[in-house]
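Secondary and tertiary structure notes
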Amino acid sequence: KRPSLTASQAFSLFVRGKEVCVGTAEASRWQCCGQAFRERAAVHRHVATQHARELHLVQQQQQQLCNDNEEAAARSIPLQWPHCDDGAELARGLPDTSALSHEVLTSKEGEVLLYYCYCEVEDPEKLCAWQKALCQHLHLTGKVRVASEGINGTVGGSKVATNLYIEVMLSQPLFKDILCRDDFKSSTGGAHCFPDLRVGVFEEIVPMGIDPKKVSYKETGIHLSPQEFHREVEQHLSQASQGQSDTILLDCRNFYESKIGHFQGCLAPDIRKFSYFPSYVDENLELFRNKRVLMYCTGGIRCERGSAYLRSKAVCREVYQLKGGIHKYLEEFPDGFYRGKLFVFDDRYAICSNEDIISACRYCGALWDQYKLCSSQHCRQLVLTCPSCREKGLTACCPPCQEKELEVSSGQALKEECDCTRRRPRVPIERVSQSTLDAEK
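Since this is a predicted model, take the numbers as computed values, not measurements.

**Re the overall build of the protein**
Tallying secondary structure elements over the protein gives 16 helices and 18 strands in all. Expressed as a percentage of the 441 residues in the protein, the buried residues total 50%.

Now the structure itself:
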């Protein structure tokens, strides 16, 4: 039988469900019965005096589940929270972890999950509050973006915790008929891969900088499975070697991602942010005219909006995208057409699937693909500098930044302020040969 919920556990879960965080910079606060609470003691007093009846009902419901002795309840049947006076209820509760030890839930031998789900979300703040409570309950760290267009998450924790997280997400009514287990990409890691947990409400679940109402994920390109994408790339490379390919293999990621790993024969734009991608397309429309485009990114989410934007320009003949992104491709083709490492947005920076090193040290040119943060306090760029050069003190992203390291006082951090960044064109213009344009005409 599943252990019943104690009064203190019910109280804790109820309060946790009221915690909201809008954006990443705003401190935690609680909302209940139309009131906002910024101190934990204040919300505790409110819950104790105003919601005793609801807490009692939660305990009764859990006890009933215990008495039913259903096998499924032994792991993770979610609680249905009773309706509160202000209408702010959690659509689903939290999985029961009372039979699991703290050591099991917080084991460092875990994994990192990457997923997204585009869907209509009527109340993003409620989903945000539930998501934050769920991650805290399972001791997960990472980043989760919630918007009216869906959810995008990268979370790390023990394997027990991440498995429970997947189960609860799949049982959530909002995602039940959309998400499937295969939509969760996993890699070796854990909670230690992220400094903390950040859950917030945003306009977009991936920051392209375009109103989702203007360019919707519903207008996306044609999804190709890893096997289909592999065949397309193989055909493209074969035709390209003979100068006959009408396909562009487009990397939708940032330059520092494609620098350490990419598909053979790809076009990798020299852009720093995905929000620059629309401008890149606008400035290079002739490049895509009458072309078949094969798009790919890390996990697939950037291609959803990126392909929709490219299709909105009505210049391409066809637009395809890799379903599940590079993550899913490497699961089936670790030694396929993708060479080098896969960049990830956590403290690991990259994960490996093959032995190829395709990038070089910033200073000496030796093969190297392990990123470190620039050592200058005024800069937060990533730098490729090999152990030999690091021993010589060459630890900044560029020589000017290395010199400034000695001038800037400690504690001053101005993100993206760097000479090498300012010299890079915000949106590169790709060259299209005149012979290509004449042939198309």
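**Section: the sheet that holds strand β8 (residues 197-201)**
Spatial ordering of the open sheet is given by β7-β4-β6-β5-β8, a layout of 5 strands whose pairing is mixed. Two strands in the sheet have a free side with no partner beyond their single neighbour: β7 (185-189) and β8. Taken pair by pair, the neighbouring strands of this sheet meet at an average axis angle of 10°, ignoring direction. The pairing of strand β5 (residues 141-147) with β8 spans 5 bridges and is parallel. Bridged to Val-144 within β8 is Val-199. Its contacts with the sheet put helix α5 (residues 124-137) on β4 (110-118), β5, β6 (150-158) and β8, and the angle it makes with β8 is roughly 170°.

**Some remarks on the nonpolar core**
Membership of the largest hydrophobic core comes to 32 residues, with the highest contact counts inside it found for Leu-250, Phe-277, Phe-288, Met-295 and Leu-310. Sort the elements by how many residues they give to this core and helix α11 (residues 301-312) lands first, with 5 residues. Three or more residues apiece are contributed to this core by two domains, here domain 2 (108-201) and domain 3 (207-359). Those residues within four positions of Leu-250 in sequence are excluded, and the remaining contacts are Leu-267, Pro-269, Phe-277, Phe-288, Val-293, Leu-294, Met-295 and Tyr-296. Grouped together as the second largest cluster of nonpolar side chains are 31 residues, Trp-130, Cys-135, Ala-161 and Val-168 included.

**Topic: the packing of aromatic side chains**
Overall, the coordinates contain 16 aromatic pairs when judged by the stated rule. Ring plane angle 70° and centroid distance 4.8 Å describe the contact between Phe-263 and Tyr-329, whose orientation is recorded as edge-to-face. Within this pair, whereas Phe-263 is found in strand β11 (residues 261-263), its partner Tyr-329 is found in helix α12 (residues 325-332), the two being separated by 66 residues in sequence. Comparing Phe-263 with Tyr-329 shows no difference in burial state: the two are buried. Between the aromatic rings of Tyr-280 and Phe-288, the centroid separation amounts to 6.5 Å while the plane-to-plane angle is 75°, which identifies the pairing as edge-to-face. Each of the two residues, Tyr-280 as well as Phe-288, counts as buried. One aromatic cluster in this structure is built from Phe-229, Phe-263, Tyr-296, Tyr-329, Phe-333 and Tyr-338. Positioned over the ring face of Phe-202 is Arg-145, at 3.9 Å from the centre of the ring. Between Arg-362 and the ring centre of Tyr-363, over which it is positioned, the NZ or CZ distance is 5.8 Å.

**Considerations on the packing of α5 against helix α6 (residues 159-171)**
Axes are the key here: two packed helices are described by the angle between their axes and the distance separating the axes. It is the contact of α5 with α6, at a shortest axis distance of 11 Å, that shows an interaxial angle of 155°. When the axis of α5 is compared with that of α6, the two are roughly antiparallel. Seen along the crossing, α5 lies across α6 with a hand that is right-handed. Between α5, through Trp-130, Gln-131, Leu-134 and Cys-135, and α6, the contact on the second element is made entirely by Tyr-165, Val-168 and Met-169. For the contact of α5 with α6, the class distribution of residues is 6 nonpolar, 1 polar and no charged.

**Concerning the pattern of salt bridges**
Side chains that differ in sign of charge can pair as their charged atoms come close. All told, the structure shown has 16 salt bridges when counted by the stated rule. Here the salt bridges share partners, and the residues they tie into one network are Glu-149, Glu-204 and Arg-305.

**Looking at the sheet that holds strand β13 (residues 318-322)**
Within the open sheet, the 4 strands sit side by side as β9-β13-β12-β10. Their pairing is parallel. The open sheet terminates on both sides in strands that have one partner only, identified here as β9 (222-224) and β10 (247-251). Strand-to-strand, the axes of this sheet are offset by a mean angle of 25°, without reference to chain direction. Helix α7 (residues 226-240) rests against β9, β10, β12 (292-296) and β13 of the sheet, and its axis sits at about 130° to β12.

**Re unusual backbone geometry**
Positive phi is not limited to glycine here, since His-139 has a value of about 60°. With a phi close to 70°, Tyr-349 is a non-glycine residue in the positive phi region. Counting through the fold element by element, Tyr-349 comes out in the loop between β15 (342-343) and β16 (350-351).

**Remarks on the confidence of the model for the protein**
Averaged over all residues, the pLDDT of the protein equals 83, while 78% of them reach at least 70. Element-level mean pLDDT values for the protein span from 43 in helix α16 (residues 434-440) up to 98 in β12. Below pLDDT 50 for its whole length, residues 68-92 participates in 64 contacts with residues either more than four positions away or in separate chains. Overall, residues 433-441 carries pLDDT values under 50, and its contacts beyond four positions in sequence, including any with other chains, amount to 5 contacts.

**Focus: the pairing of β10**
Counting buried residues along β10, 5 of its 5 residues qualify, which places the element largely inside the surrounding structure. Alternating residues of β10 divide into Thr-247, Leu-249 and Asp-251 and Ile-248 and Leu-250, and every residue in both groups is buried. As defined by bridge partners, β10 adjoins β12 across 5 bridges and the pair is classed as parallel. Bridging from a neighbouring strand, Leu-249 pairs with Leu-294 of β12.

**A look at α12**
Along α12, 6 of the 8 residues are buried, which leaves the element largely enclosed by surrounding structure. For α12, the set of buried residues is Gly-325, Ile-326, His-327, Lys-328, Tyr-329 and Leu-330.

**Details of α5**
Between its first and last C-alpha, α5 extends 20 Å over 14 residues, near the 20 Å set by a 1.5 Å rise per residue. Among the 14 residues that make up α5, 11 are buried, leaving the element largely enclosed by the rest of the structure. Among all positions in α5, only Pro-124, Leu-127, Cys-128, Ala-129, Trp-130, Gln-131, Lys-132, Ala-133, Leu-134, Cys-135 and His-137 are buried. His-139 sits one or two positions beyond α5 and adopts a positive phi of about 60°.

Analysis parameters
- Residues numbered from 1 in each chain as written.
- Predicted model: local features only at pLDDT ≥ 70, side-chain atom pairs only at ≥ 80, totals over all residues.
- Heavy atoms only, no water.
- Helix = DSSP H or I, 4+ residues; strand = E, 2+ residues; numbered from the N terminus.
- Buried < 20%, exposed > 50% of the residue type's maximum accessible area, 1.4 Å probe, protein only.
- Pairing = 2+ DSSP bridges.
- Axes fitted to C-alpha atoms, helices over the stretch in contact; angles between N-to-C directions.
- Contact = heavy atoms within 4.5 Å.
- Core = buried A, V, L, I, M, F, W, Y, C linked by side-chain atoms within 4.5 Å.
- Domains from an automatic or database assignment.
- Phe/Tyr/Trp six-rings, centres within 6.5 Å; stacked < 30°, edge-to-face > 60°.
- Lys NZ or Arg CZ within 6 Å of the ring centre and 35° of its normal.
- Parallel < 35°, antiparallel > 145°, perpendicular 65-115°, else oblique.
- Left-handed = near helix turned anticlockwise from the far one by under 90°.
- Nonpolar A, V, L, I, M, F, W, Y, C, P; charged D, E, K, R; others polar.
- Salt bridge = Lys/Arg side-chain N within 4 Å of Asp/Glu carboxyl O.
- pLDDT = per-residue confidence, 0-100.
- Expected span 1.5 Å × (residues − 1).

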